[in-house]
Amino acid sequence: MYVNVSRYKRYHRVRLLRKVVSRGKRQTVLVEHIGSARNESELVALRHKAHERLAALRPQLSLLTALDTQSHRQATDTSRLVVSGSFARGLWQVLGGLYDDLGLPATLPKQLVLARIALPQSKRATARYLENAFGLSLGLQTIYDYLDTVDKEEVMTTLLAAARQRLVTVTGQVFSVVFYDVTTLYFETDEDDEDTEQTAGLRKKGYSKDHRFDLPQIVVGLTVDQTGFPLDFQVYEGNTYEGHTLLAGVTKIREKLKLTATALTVVADAGMLSDANLAELEQAGYTYIVGARIRSVAASKATEIVDWDYATQGVLDTQFHGRRLLVTYSDKRAQCSRQNRDRLIAKLQVKLDRGLVVKKSKYVHLTTDAPLTGSLDQAKIDADRRFDGLKGYVTNTTLTPDEVMAHYGNLWRVEQSFRMSKSDLKARPTFHYKRERIIAHLVICVCALGVLRAFEEQVYQALPGVGVSLALEQLLAIREYRLTLPNQQQIMVPSELTDVQHTLMGLHAKFGRPKP
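Residues numbered from 1 in each chain as written. Predicted model: local features only at pLDDT ≥ 70, side-chain atom pairs only at ≥ 80, totals over all residues. Heavy atoms only, no water.

S.K.: Teacher, can you tell me more about empty space enclosed by the protein here?
M.R.: Take a probe with the size of a water molecule and roll it over the atoms, and the empty space left behind shows itself. The tally for this structure, following the rule as stated, stands at four cavities of 30 Å³ or more. As a volume, the largest cavity reaches approximately 120 Å³. In terms of lining, the largest cavity is formed by 13 residues, of which the most central are Val220, Phe418, Ser421, Leu442 and Val446. Broken down by element, the residue count for the lining of the largest cavity peaks at four residues, all from helix α17 (residues 435-462). A volume near 70 Å³ is recorded for the second largest cavity. As for the second largest cavity, its lining consists of Tyr99, Pro105, Pro109, Val113, Tyr146, Val150, Val155, Ala440, Val443, Ile444 and Cys447. Those elements that provide at least two residues to the lining of the second largest cavity are α5 (108-118) and α17. Tallying contributions element by element places α17 first for the lining of the second largest cavity, with four residues. Tallied by class, residues from the lining of the second largest cavity come to eleven nonpolar, no polar and no charged. (1 Å grid on protein atoms, 1.4 Å probe; cavity = no way out; pocket = protein on both sides within 12 Å on 5 of 7 lines; lining within 4 Å. Points joined across faces, edges and corners; volume = space filled by probe spheres on them. Helix = DSSP H or I, 4+ residues; strand = E, 2+ residues; numbered from the N terminus. Nonpolar A, V, L, I, M, F, W, Y, C, P; charged D, E, K, R; others polar.)

Here's what the structure looks like:
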């Protein structure tokens, strides 16, 4: 292994290379990319760093160095060189390093979080992955025993402290706005959990956002900051109305942040909009921005909203039920609404023409004499068309309309966090039935979401043209391989890296190995 300096475009790149023999041919293999120098001083620094890395890596590669000598090649049959194992170096170094930076618990919790990111499957599959990726032999019962001991509040308090520091570092701001939303996770079982004298059953049938009303579920409330980083989550019985979770969820965060209610603005979607909810927030002293259901307002107010000249007068800033109501118009939003409605109406018309069963639809008027027949409700279609392109916000803040819209516009981040949890991290299906293990499973998923959010921020800065999904795919492909010869020591040889992988490995320089 040796230090190589070569010209690449306008830079001098400094790399560690080695000579190997493969199928009887000598080849040059990249060991590590040290960096690219733009001037002489940077080149000197990179040369120095390269020689330090060379000294550190040479003991690991003593066998390959020996194989390069003619005498050793004569004494050893290189065809007997086998790959006896591998190590997920990219995952452990970069995402493991980001996990450590968040201050989260080490050892088993870290390993479970990394496995959830790399292979979000059952705990049995997780145990297999940890052995294949890190050489850790963990029994399934060991994982279950750990889940029984997880202290959610302790872990989430640690994550919240990291979020506070991260927000200052990334945006230069302190907490003043939080975003809240609710989702549901259903379970593949027919029976609800029974209530006991001490606690209510957790998994119960209720309103399902996954449209699985036939299965028990839980309700999960998630709070994130303006960057989408998770702050806390709460778990409720499956038959809980989502609007009843808002005050409890934001109060938990406020208490942990040690803020007064007036110092925190809550942003939530229209699902949280009810007079009771807003009254509770106002009574507690919170300021809020909540999506408005402008299609369901009284006729007199609806007339004011649709007759407003948004092209010349801009945002409508009015009062409704004693609260401030803002309404904006967007041509793009209007076009999207028209296209979605026209597509839905076309599908409904085909079903009606064929005499097919039409599920409940606001655009279909069913006849009383023949339940399976009906017609399009043109009056309802025309009524909805009046609101195309309009978006409403209810708030008790004194922010400008642009500021209100900017804050509400960031609500997509909590929705994206839920999508990441359900798709990328596969929070569902959940192969648990005990309350403690269900909550512990969600703790792992939320911590994994925090690591992915931190990774996403670094990828955006270092590789702006590369999405987080592609970056994660590239990172998971970076491994170290354990080579073995009979009666010889084992060595670890890193895989050759692409330019993207070089950049990804530079996101976190610290490297260690998991403890068995």
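S.K.: So what exactly am I meant to see when it comes to the environment of Leu449 here?
M.R.: Position of Leu449 relative to the elements: it lies in helix α17. C-alpha of Leu449 to C-alpha of Gly228: the two residues are 221 residues apart in sequence and 9.4 Å apart in space.

S.K.: How do you make sense of the pattern of salt bridges when you look at a structure like this?
M.R.: Pairing is possible between side chains that carry opposite charge, provided their charged atoms lie close to one another. Applying the stated rule across the entire model yields 23 salt bridges. Lys152 is the partner of Asp232 in a salt bridge, and the nearest nitrogen-oxygen pair spans 3.5 Å. Of this pair, Asp232 sits in strand β7 (residues 230-237) while Lys152 sits in helix α8 (residues 152-171), placing them 80 residues apart in sequence. By relative accessible area, Asp232 is classed as buried at 1%. Because the salt bridges share partners, they merge into one network encompassing Lys152, Glu153, Asp232 and Lys256. (Salt bridge = Lys/Arg side-chain N within 4 Å of Asp/Glu carboxyl O. Buried < 20%, exposed > 50% of the residue type's maximum accessible area, 1.4 Å probe, protein only.)

S.K.: Would you take a moment to explain the environment of Leu463 for this structure?
M.R.: Mapped onto the elements, Leu463 comes out in the loop between α17 and α18 (468-476). Setting aside chain neighbours within four positions, we find Leu463 in contact with Val500, Thr503 and Leu504. (Contact = heavy atoms within 4.5 Å.)

S.K.: Help me understand the nonpolar core, please; the structure alone is not making it clear to me.
M.R.: Taken as a class, soluble globular proteins show a tendency for nonpolar side chains to be buried jointly. Of all hydrophobic cores here, the largest spans 118 residues; its most connected members are Leu95, Phe134, Ile218, Phe233, Ile305 and Phe455. With 14 residues, α17 is the largest single contributor of residues to this core. The residues contacting Ile218, other than those within four sequence positions of it, are Thr183, Thr184, Leu185, Phe187, Leu202, Arg203, Val235, Tyr236, Gly238, Ile438 and Leu442. With ten residues, the next largest nonpolar core counts Val14, Ala37, Leu46 and Leu54 among its residues. (Core = buried A, V, L, I, M, F, W, Y, C linked by side-chain atoms within 4.5 Å.)

S.K.: How should I be thinking about the side chain of Thr227 in this particular structure?
M.R.: Mapping Thr227 onto the fold places it in the loop between β6 (217-224) and β7. Accessibility expressed as a relative area gives 13% for Thr227, which makes it buried. Within the local environment of Thr227, its side chain forms a polar contact with the side chain of Arg166, the two groups lying 2.9 Å apart. Only 2.7 Å separates the side chain of Thr227 from the side chain of Asp225, close enough to count as a polar contact. Not counting chain neighbours up to four residues away, the residues in contact with Thr227 comprise Arg166, Leu167, Thr171, Arg413 and Arg453. (Polar contact = N/O pair within 3.5 Å; in protein donor to acceptor, adjacent residues only side chain to side chain.)

S.K.: What is the right way to look at the sheet that holds strand β14 (residues 390-395) in this model?
M.R.: Within the open sheet, the eight strands sit side by side as β7-β6-β5-β8-β9-β14-β11-β10. Their pairing is mixed. At either end of the open sheet lies a strand with only one pairing partner, and these are β7 and β10 (316-320). On average, each strand axis in the sheet is inclined to that of its neighbour by 25°, with strand direction left out of account. Across four bridges, the pairing between strand β5 (residues 177-186) and strand β8 (residues 265-268) is parallel. In the sheet register, Phe179 faces β8, and the bridge partner there is Val267. In the packing of helix α11 (residues 299-307) onto the sheet, contacts are made with β10, β11 (323-329) and β14, and the angle to β10 comes to roughly 175°. (Pairing = 2+ DSSP bridges. Axes fitted to C-alpha atoms, helices over the stretch in contact; angles between N-to-C directions.)

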